[in-house]
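# Structural features, examined
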There are 2 protein chains.
Amino acid sequence: MPKATIDDVANLAGVSIKTVSRVVNREPNVREQTREKVENAIAQLNYRPNKAARNLASHHSHLIVLIYDDPSAYEIPSAGFIIRMQEGALRACRKANYELLIHPCRYRNKNVAVELKALIEQIRPDGIVLAAPLSNVPRVVRAIEETGTPLIRVSPGKTDGDPLYVSTNDREVSCEMTRYLASLGHKRIAFIKGHPGHKAVGNRFRGYLDGLEQSGLAASDELIAAGDNSIRSGEAAALELLERRDPPTAIFAANDDMAAGVMRVADRLGIKVPDELSVAGCDDIALAQQIYPALTTINQPLSQMTEAAVLMLTDSQRKKKKPDSPTIVPGTLKLRESTTAFAN
Amino acid sequence: MPKATIDDVANLAGVSIKTVSRVVNREPNVREQTREKVENAIAQLNYRPNKAARNLASHHSHLIVLIYDDPSAYEIPSAGFIIRMQEGALRACRKANYELLIHPCRYRNKNVAVELKALIEQIRPDGIVLAAPLSNVPRVVRAIEETGTPLIRVSPGKTDGDPLYVSTNDREVSCEMTRYLASLGHKRIAFIKGHPGHKAVGNRFRGYLDGLEQSGLAASDELIAAGDNSIRSGEAAALELLERRDPPTAIFAANDDMAAGVMRVADRLGIKVPDELSVAGCDDIALAQQIYPALTTINQPLSQMTEAAVLMLTDSQRKKKKPDSPTIVPGTLKLRESTTAFAN
DNA sequence: TTGATTTATGACAGCGCTGTCGGTAATTGA
DNA sequence: TCAATTACCGACAGCGCTGTCATAAATCAA
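Below or above, wherever it landed, is the structure these notes cover. Everything numeric in this text was worked out from a predicted model, so none of it was measured.

## Structural notes on the protein's contact with DNA strand C
In the neighbourhood of DNA strand C, 25 residues make up the surrounding shell, with Thr19 and Thr34 of chain A together with Ile6, Ser21 and Asn25 of chain B lying closest. Sugar plus phosphate: this is where 65% of the atoms of DNA strand C within 4 Å of the protein reside. For DNA strand C, a phosphate oxygen lies 3.0 Å from a polar atom in the side chain of Asn29 of chain A. A distance of 3.5 Å separates a base nitrogen of DNA strand C from a polar backbone atom of Ala53 of chain B. For the surface near DNA strand C, the leading source of residues is helix H4 (residues 51-58) of chain B, giving four residues. Here the residues of the surface near DNA strand C are counted per class, giving 10 nonpolar, nine polar and six charged.

## Points about the pairing of strand S6 (residues 189-193) of chain B
All names here are of chain B. Of all five residues in S6, four are buried; the element is thus mostly enclosed. The pairing of S6 with strand S7 (residues 224-226) spans three bridges and is classified as parallel. Pairing of Ile192 across the sheet is with Ala225, part of S7. Read as a crossover between parallel neighbours, the route from S6 over helix H9 (residues 199-214) to S7 is right-handed.

## So, the side chain of Glu307 of chain A
Residues and elements named next belong to chain A. One can find Glu307 in helix H13 (residues 302-319). The class for Glu307 is buried, based on a relative accessible area of 12%. Apart from the residues within four sequence positions on either side, Glu307 is in contact with Gly88, Ala89, Arg91, Ala92 and Lys95.

## Regarding the protein's contact with DNA strand D
Within the structure, DNA strand D sits among 25 residues, and Ile6 and Ser21 of chain A together with Thr19, Arg22 and Thr34 of chain B are positioned closest to it. Note that a phosphate oxygen of DNA strand D is positioned 2.8 Å from one of the side-chain N or O atoms of Asn25 of chain A. Of all the secondary-structure elements, those providing two or more residues to the surface near DNA strand D are helix H2 (17-24) and helix H4 (51-58) of chain A together with helix H2 (17-24) and H4 of chain B. Across the surface near DNA strand D, the residue classes tally to 10 nonpolar, nine polar and six charged.

## Comments concerning the sheet that holds S7 of chain B
Residues and elements named next belong to chain B. Ordered by their spatial adjacency, four strands build an open sheet running S7-S6-S8-S9, and the pairing between neighbours is parallel. Across the chains shown, the open sheet's two edge strands, defined by having one partner strand only, are S7 and strand S9 (278-280). Each strand of the sheet is rotated relative to its neighbour by a mean of 20°, with strand direction disregarded. Most of the contacts of H9 go to S6, to which it runs at about 165°, and overall it touches S6, S7 and strand S8 (250-253). Across the sheet, helix H11 (residues 256-269) is in contact with S6, S8 and S9; its angle to S9 comes to roughly 160°.

## Notes on the interface of chain A and chain B
Between chain A and chain B, the contact holds 40 residues from the first and 40 residues from the second. Of the roughly 3300 Å² buried between chain A and chain B on both sides combined, carbon and sulfur atoms contribute 59%. A per-residue breakdown of the area chain A buries against chain B is headed by Arg48, Gln122 and Arg124 of chain A, which together make up 17% of the total. For the pair chain A and chain B, the interface holds two salt bridges. Measuring nitrogen to oxygen at the nearest pair gives 3.2 Å for the salt bridge that ties Glu121 of chain B to Arg48 of chain A. Summed over the shared surface of chain A and chain B, the result is nine residue pairs in polar contact (both at pLDDT 80 or more). Sorting the residues of the side of chain A that touches chain B by element identifies H4, helix H5 (79-96), strand S2 (99-105), helix H6 (112-123) and helix H12 (286-290) of chain A as the ones contributing at least two each. With eight residues, the single largest contributor to the side of chain A that touches chain B is H5 of chain A. A breakdown of the residues in the side of chain A that touches chain B according to their chemical character gives 18 nonpolar, 12 polar and 10 charged.

## What to know about the packing of H2 of chain A against helix H3 (residues 32-45) of chain A
How two helices sit against one another is set out by the angle between their axes and by the gap between those axes. Residues and elements named next belong to chain A. The contact between H2 and H3 brings their axes to 10 Å, and the two run at 90°. Relative to H3, the element H2 lies roughly perpendicular. Of the residues in H3, those in contact with Thr19, Val20, Val23 and Val24 of H2 are Thr34, Arg35, Val38, Glu39 and Ile42. The residue makeup of the contact of H2 with H3, split by class, is five nonpolar, two polar and two charged.

## Looking at the sheet that holds strand S6 (residues 189-193) of chain A
All names here are of chain A. The strand order across the open sheet built from four strands is S7-S6-S8-S9, with neighbouring strands paired in parallel fashion. Taken across any chain shown, the strands that pair with only one partner, and hence form the sheet edges, are strand S7 (224-226) and strand S9 (278-280). Going from strand to strand, the sheet's axes swing by 20° on average, the running direction of each strand aside. Contacts from helix H8 (residues 170-183) reach S6, strand S8 (250-253) and S9 within the one sheet, and its direction differs from that of S8 by about 170°.

## Regarding the relation of the copies chain A and chain B
Each of the two chain copies can be generated from the other by rotation about an axis followed by a shift along it. Note on the copies: chain A fits chain B at an RMSD of 0.1 Å, the axial shift is 0.0 Å, and the rotation between them is 180°. Seen this way, the second copy is the image of the first under a two-fold rotation axis. The share of interface residues of chain A whose copies in chain B are also at the interface is 100%, consistent with both copies meeting through the same surface.

Conventions adopted
- Residues numbered from 1 in each chain as written.
- Chains lettered and ligands numbered in written order.
- Predicted model: local features only at pLDDT ≥ 70, side-chain atom pairs only at ≥ 80, totals over all residues.
- Heavy atoms only, no water.
- Near = heavy atom within 4 Å.
- Polar contact = N/O pair within 3.5 Å; in protein donor to acceptor, adjacent residues only side chain to side chain.
- Helix = DSSP H or I, 4+ residues; strand = E, 2+ residues; numbered from the N terminus.
- Nonpolar A, V, L, I, M, F, W, Y, C, P; charged D, E, K, R; others polar.
- Buried < 20%, exposed > 50% of the residue type's maximum accessible area, 1.4 Å probe, protein only.
- Pairing = 2+ DSSP bridges.
- Right-handed = clockwise from strand over helix to strand, strands pointing away.
- Contact = heavy atoms within 4.5 Å.
- Axes fitted to C-alpha atoms, helices over the stretch in contact; angles between N-to-C directions.
- Buried area = accessible area lost by both parts, 1.4 Å probe.
- Salt bridge = Lys/Arg side-chain N within 4 Å of Asp/Glu carboxyl O.
- Parallel < 35°, antiparallel > 145°, perpendicular 65-115°, else oblique.
- Least-squares fit on C-alpha atoms with pLDDT ≥ 70 in both.

The structure is reproduced here in structure tokens:
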């Protein structure tokens, strides 16, 4: 099967190679009739443009690199997150006719910034999607920016007014969850805060406060406990909350792991979920559907976020201008079995 | 930061660009002294060879494509598998200075073969790693072979004498597990067979029979149950086995999900694992460590398998000859809490 | 109809490397 | 010592496309 080149197509169609190039790249200024001739020739010869040649001549690699924290560095099963991010990025790449290169790397590794820079200088991708938590590491962000490669950050903590990022509406959707719990008749809705260093979970707490206010409920320190995102800390926080004089009838945890901890403690204390206690989490990790009762939570639209990130990159390439506002992909409530109405 | 080209390096080092190229590509016949001059110049200018140009001139893409079944097509959390496969492939790619492109695709999709062919013709990777279960679909394998791109299959079912694959020693290691159980004093070791269409689990059954024989135990239909790889089928099989007159003291399931089903049933029946019943699985999925007691199982060296696959590809590229034997990466027993000695 | 635009197409020069091959310098063997 | 190697290095021609620009054809305005 001798591969056809652009010359073969040009000959067969009776046009110049440049015209073939125009057809292939959907450039304007080609007569409809000419276009058809060329397309027929392409089909007939099963012609596929040579990427390397195209890249070399056009100074574009048609490559997007997705950089994320390497899960194999830890024992935690963050695999689901990564698959979902890859999914979205791949979807966008296919749409825009780019390829996706994945690059897990170790967050804590001191050299990570230098290594990334070297990688980028070699590959010369047309764009980079940098996922959390790496998107929060100034050293890394700076190193990538130094290469001059367009960069979109996913769920960055601080943005400094830079619009080149995509994130979700943690605060708004947490507010919505709180209002939902209130709408079920709950008056004492507790919140378990997450790890203080984690920006997103801070927004969730603010959303919780918003929700209370919008529901006409007063916030109270009695209803707030601190956790660190781990199951264990969720257990401790739940224990603390449930043993107070006037325990909450609903607990909203800043992430699913802590919510799972709450359910575990409730089980131990003989408190029935959801009849005696509603529990809600955040993130919609795989566990949320596996535990019993299935956890009401907020889905993190990771896949849509990376998809949006890649599209920002490819779009700005076409339009030759940077986007001037970030993309916010809204999360949605996943109402499952762990929450129910509370009759006062 | 004006990117340096090979000409800049050549000028600075006072040699020809060809010599620079030789140094960069570690080709022979460069004097040590010259090499150093060039390397200094490279370092000084922070020169990185342009991939596109190199690919175009060398007719190599320095790209490996990893093709696997798209997990998002189903609800099952096969994410862990995929991450591990990617891990191994990435490790090998870095060693050999290749890039990895991932390509999930839908197993059941009728067009998958045609689409893959188109993809490959566009990208022109230097090699392809095709993971199970796609590695068992003749239509897909044929389509890829038609492109002439070197292909290594991971865990293929049938091999037809073709050595271009890597797999694990399912049979041997299952035998080992059986012998291990026997060595713990178990005389009645039951086996739950997996889905009949799944080749690997068939080998596991054979390994089980080998193990019984080597341990001087007789195989018996009384000790064999059929499953379909699901948790539910594991439960059914366990129920069947445990309610027989002379129930087994150890159950070895052809995969972890079924083993988890066994544990669940044992719990319901009030049978203590491992004291009254030892349970062993196969695959070492994430669940195996999460359940209580932690499941003794066989680890599937997925990551090493894809690593080996990529290395077969890159090595054969260097040596310009195909490997003449497959790579077998041995699995290993993961002895955890669900198995213990049985005092007769 | 004629000149002024606009649209469509092609000629040509590279993009930044690698493969080939030929030439010169260093090394070997007798 | 001198050929016969062998080690080292460079000139040169592309790889298969795209960008630029010149040119031809079509369209338009008056």
